[in-house]
Amino acid sequence: MSLKPVPADQPEPQGILPMQSLAALVEQGAVMSTSALDDNQIQPASIDLRLGDRAWRVRASYLPRARTVADRLRDVQMHEMDLTRGAVFESGCVYIAELKESLNLPKGISARANPKSSTGRVDVFVRLLTDYGVAFDDVAEGYSGPLYIEIAPQTFSVLARSGTRLNQLRLKRGVSPKLRTSDCGVDLTGELVGFRARRHAGIIDLDHIDGHDPKKFWEPLWHAGGELLLDPGEFYILASKTDVEIPAMEAAEMLPIDPGVGEFRVHYAGFFDPGFGTAEAAGTGSKGVLEVRCHETPFLLEDGQTVARLVYEPLTARPDKLYGQLGSNYQRQGLKLSKHFRPW
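Because the structure is predicted, anything quoted here is derived from the model rather than measured.

**A few points about the sheet that holds strand 20 (residues 250-255)**
Consideration 1: Within the open sheet, the four strands sit side by side as 14-25-20-22. Their pairing is antiparallel. In the strand order of this sheet, the two ends are held by strand 14 (180-185) and strand 22 (271-272), each with one partner.
Consideration 2: Pairing analysis gives six bridges linking strand 14 to strand 25 (residues 306-314), with the strands arranged antiparallel. The residue bridging Thr181 from the neighbouring strand is Val311, located in strand 25.

Next up, the structure:
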């Protein structure tokens, strides 16, 4: 498979690359890996990234800037961890891990990473690092080099191993235009309006689907007149007021919260692939699940209040498969915990 050539008199379309273009880049060596890609690693408009064999506990988060990630790591590392045998990433600590995938991007192609939905929903904060990078999660046009991930569990300690997927990468051609922005309000009208994470819970195995009792990790939040008081430092799972629908030729990203909207943050896992919530992909009625952390002061949320914003961007071509057609844990979701937990 190869990227289809564009006639000389026609400019190449700008936007997010679909799965068939991602597969072509893998075939051409623009996306490389230390082991063969998993069958479902390429999604409709993104590619999952996998942990490599080593991770390091570090004293502090950092950006490499004028240095490589490995060179800067020597200044802050505390001890090395062997991920081939599995390792626990403890809450309140910061780690850097190598990824199996690396890049050799052609001219005109850049990338952006985000946590996977399941990662954000267990309150694990992850960000992509590149050599000489000046910003987390953004990969410069034409970047050639290794990829690393910063891992910072906030509430739960987690067990991960080589091959565990914590984040995902979108590749873009040119400057992807912003099609539109929509507000995302919170739904506080149901009998069960959300979940609050329990502190001092057990370890979550990030590769064990449906393997954990949710009652040991989460406290249910019941209807209280359309309001919810957020406590500083606590982590919440809530649902969007309206359904989310991502057309087949578009993809969306949930933006970090504007400080003017409230003293909290919504945005741990921000990518929505084409087909999410669409009738074509049997996803009608899908909500956006919101991962919310309150900052320094208590904040009173009201039903319907805007807590996040979705930015829609075009794809350069229709993906061969839509979200949900490759198998999904979150199509047609309502208020839903991550795939690691059994139904409430």
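**Topic: the packing of aromatic side chains**
Consideration 1: Evaluation of the coordinates by the stated rule reveals nine aromatic pairs.
Consideration 2: Ring centres of Phe156 and Trp218 lie 5.4 Å apart, and the angle between their planes is 70°; on these two criteria the pair is classed as edge-to-face. Within this pair, whereas Phe156 is found in the loop between strand 11 (144-153) and strand 12 (158-160), its partner Trp218 is found in strand 17 (residues 218-222), the two being separated by 62 residues in sequence. Note on accessibility: Phe156 and Trp218 belong to one class, buried.
Consideration 3: Taken together, the ring pairs in this structure connect Phe156, Phe217, Trp218, Phe235 and Phe341 into an aromatic cluster.
Consideration 4: The cationic tip of Arg127 hangs over the ring face of Phe136; the distance from NZ or CZ to the ring centre is 3.6 Å.
Consideration 5: Over the aromatic face of Phe271 sits the side chain of Arg170, whose NZ or CZ is 4.1 Å from the ring centroid.

**Comments concerning the pattern of salt bridges**
Consideration 1: In total, this model carries 28 salt bridges according to the counting rule given.
Consideration 2: Between Glu234 and Arg199 there is a salt bridge, and its shortest N-O distance comes to 3.3 Å. Within this pair, whereas Glu234 is found in the loop between strand 18 (227-230) and strand 19 (235-243), its partner Arg199 is found in the loop between strand 15 (192-197) and strand 16 (204-205), the two being separated by 35 residues in sequence.
Consideration 3: Note on Arg199: relative accessible area 41%, which makes it partly exposed.
Consideration 4: The residue Lys287 makes a salt bridge to Asp243 at a minimum N-O spacing of 3.1 Å. Placement of the pair is Lys287 in strand 23 (residues 287-294) and Asp243 in strand 19, with a sequence separation of 44 residues.
Consideration 5: One continuous salt-bridge network, built from bridges that share partners, spans Asp38, Asp48, Arg50, Glu101, Lys116 and Arg165.

What counts as what
Residues numbered from 1 in each chain as written. Predicted model: local features only at pLDDT ≥ 70, side-chain atom pairs only at ≥ 80, totals over all residues. Heavy atoms only, no water. Pairing = 2+ DSSP bridges. Helix = DSSP H or I, 4+ residues; strand = E, 2+ residues; numbered from the N terminus. Phe/Tyr/Trp six-rings, centres within 6.5 Å; stacked < 30°, edge-to-face > 60°. Buried < 20%, exposed > 50% of the residue type's maximum accessible area, 1.4 Å probe, protein only. Lys NZ or Arg CZ within 6 Å of the ring centre and 35° of its normal. Salt bridge = Lys/Arg side-chain N within 4 Å of Asp/Glu carboxyl O.

Without other data, these values stay purely geometric and don't point to any function.
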